[in-house]
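Coordinate inspection notes
Below are the chains, spelled out letter by letter.
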Amino acid sequence: MVLGWMFTGRVVIAVGRYTSLRLIDSPKSVREALCVAQQSMLLRDDPRLMIYIDKVSRLIDECDRNRPLGPDGSHGDRHTATCGCEW
Ligand SMILES: [Zn+2]
């Protein structure tokens, strides 16, 4: 469970209940990679993967909390302190 994220430059740190993850990419690129992973698991149509699909979904949600998207899927000017944009 991710409790919060910190963004410094190109480094995103996901702080969870049990550990912290240091990610070298922005929330946008992390989200893109998670979506590819989720789609790959969905295409396998294996019910045993549902627990991982759910976990990846929660991570994608956390990316969206840090870098909100609009109804058209674009970030636009919905900047946050942790979205990763240079504004
Ligand atoms: Zn932004």
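Quick note: structure is the one above.
Read on for a plain summary of the structure. (Residues numbered from 1 in each chain as written. Predicted model: local features only at pLDDT ≥ 70, side-chain atom pairs only at ≥ 80, totals over all residues.)

1. Notes on unusual backbone geometry
Excluding glycine, residues mostly have negative phi values, and the peptide bonds linking residues are mostly trans. One non-glycine residue with positive phi stands out, namely D45, at about 50°. Its place among the elements puts D45 in the loop between α1 (27-44) and α2 (50-66). (Helix = DSSP H or I, 4+ residues; strand = E, 2+ residues; numbered from the N terminus.)

2. As for the packing of α1 against α2
Between α1 and α2, whose axes approach to 9 Å, the crossing angle comes to 155°. Between α1 and α2, the interaxial angle falls into the category roughly antiparallel. For the pair α1 and α2, the sense of crossing is left-handed. When α1 is examined against α2, the residues P27, V30, R31, L34, C35, A37, Q38, M41 and L42 are found in contact with a partner set consisting of Y52, I53, V56, S57, L59, I60, C63 and N66. (Axes fitted to C-alpha atoms, helices over the stretch in contact; angles between N-to-C directions. Parallel < 35°, antiparallel > 145°, perpendicular 65-115°, else oblique. Left-handed = near helix turned anticlockwise from the far one by under 90°. Contact = placed C-beta atoms within 7 Å.)

3. A word on α1
Taking 1.5 Å per residue as the helical rise, α1 with its 18 residues ought to reach 26 Å, and the 26 Å between its terminal C-alpha atoms agrees with that figure. Those residues of α1 that sit buried are P27, V30 and R31. Along the axis of α1, the buried positions cluster into a sector of 95°, meaning they face one direction only. What points out from α1, more than 90 degrees from its buried face, is the exposed set V36, Q39, S40, L43 and R44. Looking one or two residues beyond α1, the residue adopting positive phi is D45, at roughly 50°. (Expected span 1.5 Å × (residues − 1). Buried ≥ 20, exposed ≤ 12 C-beta atoms within 10 Å, placed from the backbone. Arc of directions from axis to C-beta.)

4. So, the environment of V30
Summarising the element assignment, V30 is placed in helix α1. Expressed as a C-alpha distance, the spacing of V30 and C63, which sit 33 residues apart in the sequence, is 7.5 Å.

5. Quick look at α2
The terminal C-alpha atoms of α2, which comprises 17 residues, lie 24 Å apart, in line with the 24 Å expected from a rise of 1.5 Å per residue. Listing the buried residues of α2 in full gives L59, E62, C63 and N66. Relative to the axis of α2, the buried residues are bounded by an arc of 105° and lie together on one face. Exposed and oriented more than 90 degrees from the buried face of α2 are M50, D54 and R58.

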